[in-house]
Amino acid sequence: MATQEIQYPDPAARVAQAASDELPDMQGEKMVLNMGPSHPATHGVLRLVLELDGEIITKATPEVGYLHRGDEKIAENMTYTQFIPYTDRLDYLAPLANNVAYALAVEKLMGIDKALPPRCQYIRVICCELARISSHLLGLGSFGMDVGALTVFLLTFTEREKIYTLIESLTGARFTTTYTRIGGLSRDLPPGWVAQCRKFLDEVVLNIDETETLLSRNRIFVDRTRDVGVISRADAIDYGLSGPNLRGSGVDFDIRKAHPYLIYDQLEFDVPTGSAGDCYDRYLVRIEEMRQSVRLLRQCLDKLPGGPDNAAHEPVNIPDGKTVLPSKYKVLTSMEELIHQFILVTQGVNAPAGEIYFSAENPKGELGFYIHSKGGGTPYRLKIRSPSFVNLSILPHLMPGHMISDTVSIFGSLDFVMGECDR
Amino acid sequence: MSPRDLALKLKERFGNLISDPREFRGEITVELSDPDVVAEVCAFAKASLGFDYLVDITSIDNYGSDPRWTLAYHLYGYGHHCALRLKTRVSEASSELPTVSAVWRTADWHEREIYDMMGLRFRGHPDLRRILMWEGYPHFPLRKDFPLAGKPSEMPEVAFSKSAPMEGGPFVTVAGGKDTVSREPRARNPESAPPDLSKVPEPGVAKEGK
């Protein structure tokens, strides 16, 4: 019988032996983590492929396109007016602002953007600023919730609900507003709306203050956002960031100031900018932007041409039957209006051939429309320059070096919407 | 300094390659005749003319005319607050031009989107993959010869493998067509001729043979 010698060292030596065998393999091994497409912090359907070394991100690859609906293709196949509902679904947290930006782009192509009646311009500014407050309230609420401050979310959502009530009585819909028309608006302000809006402004100011007391000096919030996700001024410009993300990095640029559209040049407001370019600065910029929006709204409500209930019967549409639909009464009683109505509904407005790019300062950043027209009622090519798409392109540069828990802070502070990113 | 002055400076540097600036609705457009130098022109515009912000790159499909593709670069300068549109045309045979992602890093995703939607390739791009459509999708949906209803793709269980039914549409007409089909842009499908209406049986005729 052969004997076999069994090696049996003491337990401590055995563990040490095993560790020295395994360690060379363990070290430097990276884990790939899929975040999204359905993750609470991604606010939609963004997928992020993270390469991790322990808890440190070494590489981040965003995968977008899960919400791609082919809006640009659809736009080529319908009239300019028919595309307005599709703009609601770009940045679906600020549909009114998209409606206004799109209408202004088509009006610029037609050369009628300067001819809009003053009341229409004021109401459009009111729409834009209400949308900005609404979008920032949601952005900050979910930002706070993602980093652990749930109360903020409840607070801002209460206030946002009031905006939706206002929007509902203004447009008839809470979410999909489709409020603007080429050359005007779908309707004037309803009676009593201005008073309701003033009441809301008085309340939202208190709410913004309360949000600020909950977050700005909150130790947990500050620790999780300060010096996290720092975007330098040069990087912000190089990656084409816009809106609060650009201003957070210290670039003093706002399209409402640099290239005023509507009546922004007649209103007083300040453009807040950050200095460090971190998540905390972007948060501060949004807080201050809401206050400036309140300031703008108050000025608009005070100066509104025709007064709150339009006793002076100021028009809200361009007086041109070939651009704006005539009233139902006129269509049924007058031949000329009937013809205009028929042409507008079946063929759309008669836009000239040419190409324009128009961009507006939306809550998320610069929303631009490039329209290439060969004449007639349909665009030959309509390109949507969406701020969220461009803002997200910085992620592969920004994320490496951060801890995995920082992703939620960075996502919250970039405040993107996938409906707009993917189009 | 006005956008026109900046466009003239660009023309001064590159001579006949750059067209005379055109103006429409207050926007200045210059056209570059050779797409292969677009990266040099953009680098010069950024370094010497202060166009530090690339707003957007757009591609246009001039289906049926040559060269088929037009690219429009929208430049902006934070220093002088002037915008300029630089356009260049690319033939269908080459469908390729140099990348400007080395000039502005934001061009990376814009160029990926153009590749994804229209199929133009950018020479020297660091990561030219599809961005909005899924990896492996065989078509380029923003081309004019791609029907609105979509095309069937050989990828069962990955995504749509049939074209979408156009029920309810189309809703818009274009003046001048002979019948409804030719007046509706949605029904325009360059790959297939419009349906022959003379072969559609009269109501009631089909039931008779049954």
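For clarity, every value in this text was computed on a predicted model and none was experimentally measured. Every chain's residues receive numbers from 1 upward, in the order its sequence appears when written. Ligands are numbered from 1 and chains lettered from A, in the order in which they are written. Local features are withheld for residues below a pLDDT of 70 in this predicted model, meaning they are given only at 70 or higher, and side-chain atom pairs are given and counted only at 80 or more; totals for whole chains, interfaces and linings count all residues.

1. Points about the overall build of chain A
Secondary structure assignment for chain A yields 18 helices and 8 strands. Each principal axis of the C-alpha distribution contributes one length, and for chain A these read about 115 × 45 × 40 Å. Counting all 423 residues of chain A, 52% fall into the buried class. Throughout, a residue-residue contact means that the two C-beta atoms, derived from backbone geometry, are no farther apart than 7 Å. Within chain A, contacts between residues at least 6 apart in sequence are counted, and of these 70% link residues at least 24 apart. Secondary structure elements are taken from DSSP: a helix is a run of H or I of four residues or more, a strand is a run of E of two residues or more, and numbering for both begins at the N terminus. Three classes are used. A residue is buried when 20 or more other C-beta atoms lie within 10 Å of its own, exposed when 12 or fewer do, and partly exposed in between, with C-beta atoms placed from the backbone.

2. Comments concerning the interface of chain A and chain B
Taken residue by residue, the interface counts 37 residues in chain A and 33 residues in chain B. Listed by contribution, the elements that provide at least two residues to the side of chain A that touches chain B are α2 (71-75), α9 (233-238), β6 (351-362), β7 (365-376), β8 (381-385) and α15 (387-392) of chain A. Here the side of chain A that touches chain B is built from residues that sort into 12 nonpolar, 16 polar and 9 charged. Gly is put with the polar residues, along with every residue not named as nonpolar or charged; the nonpolar set is Ala, Val, Leu, Ile, Met, Phe, Trp, Tyr, Cys and Pro, and the charged set is Asp, Glu, Lys and Arg.

3. Quick word on the packing of helix α4 (residues 95-110) of chain A against helix α5 (residues 118-146) of chain A
Residues and elements named next belong to chain A. Contact pair α4 / α5: the axes reach a minimum separation of 7 Å and the direction vectors enclose 140°. Judged by the angle between their axes, α4 and α5 are oblique. Crossing geometry of α4 relative to α5 is assigned as left-handed. Counted together, Leu96, Ala97 and Val100 of α4 and Arg124, Cys127, Cys128, Leu130, Ala131 and Arg132 of α5 form the full contact between these two elements. Only the contacting stretch of a helix is used when fitting its axis, a line to C-alpha atoms as for every element, and angles between N-to-C directions run 0 to 180 degrees. Small angles under 35 degrees read as roughly parallel and large ones over 145 as roughly antiparallel, with 65 to 115 read as roughly perpendicular and the rest as oblique. For any pair of crossing helices, the crossing counts as left-handed if the nearer helix is rotated counterclockwise from the farther one by less than a right angle, and right-handed if it is rotated clockwise.

4. Details of the pairing of β6 of chain A
Residue and element names in this part refer to chain A. Taken across its 12 residues, β6 has 9 buried, putting it largely inside the fold. By the convention used here, strands pair only if DSSP detects at least 2 bridges between them. Alignment of β6 against β7, held across 11 bridges, turns out to be antiparallel. The partner of Ser359 across the bridge, within β7, is Gly368. The loop that links β6 with its antiparallel partner β7 comprises 2 residues.

5. Concerning the nonpolar core
All names here are of chain A. Ranked by size, the top nonpolar core spans 160 residues in total, and within it Leu96, Ala105 and Cys127 carry the most contacts. Counting residues per element, this core draws most heavily on α5, at 15 residues. In this structure Leu96 touches Cys127, Cys128, Leu130, Ala131, Ile167, Thr177 and Tyr179, once residues within four positions along its chain are discounted. We define a nonpolar core as a collection of buried residues of the types Ala, Val, Leu, Ile, Met, Phe, Trp, Tyr and Cys that are connected via C-beta atoms lying within 7 Å of each other.

6. Notes on the sheet that holds strand β3 (residues 53-61) of chain B
All names here are of chain B. Pairing in this open sheet of 5 strands is mixed, and the strands run β1-β2-β5-β4-β3 from one edge to the other. Both outer strands of the open sheet, β1 (22-24) and β3, are each paired with one neighbouring strand and no more. Neighbour to neighbour, the strand axes of the sheet diverge by 25° on average, direction disregarded. Where strand β4 (residues 69-76) meets strand β5 (residues 83-90), 8 bridges bridge the pair, whose relative direction is antiparallel. Paired with His74 across the strands is Arg85, a residue of β5. Sitting on the sheet, helix α1 (residues 3-14) touches β2 (27-32) and β5, and the angle it makes with β2 is about 10°. Contacting β3 and β4, helix α3 (residues 107-118) runs over the sheet at an angle of about 10° to β3.

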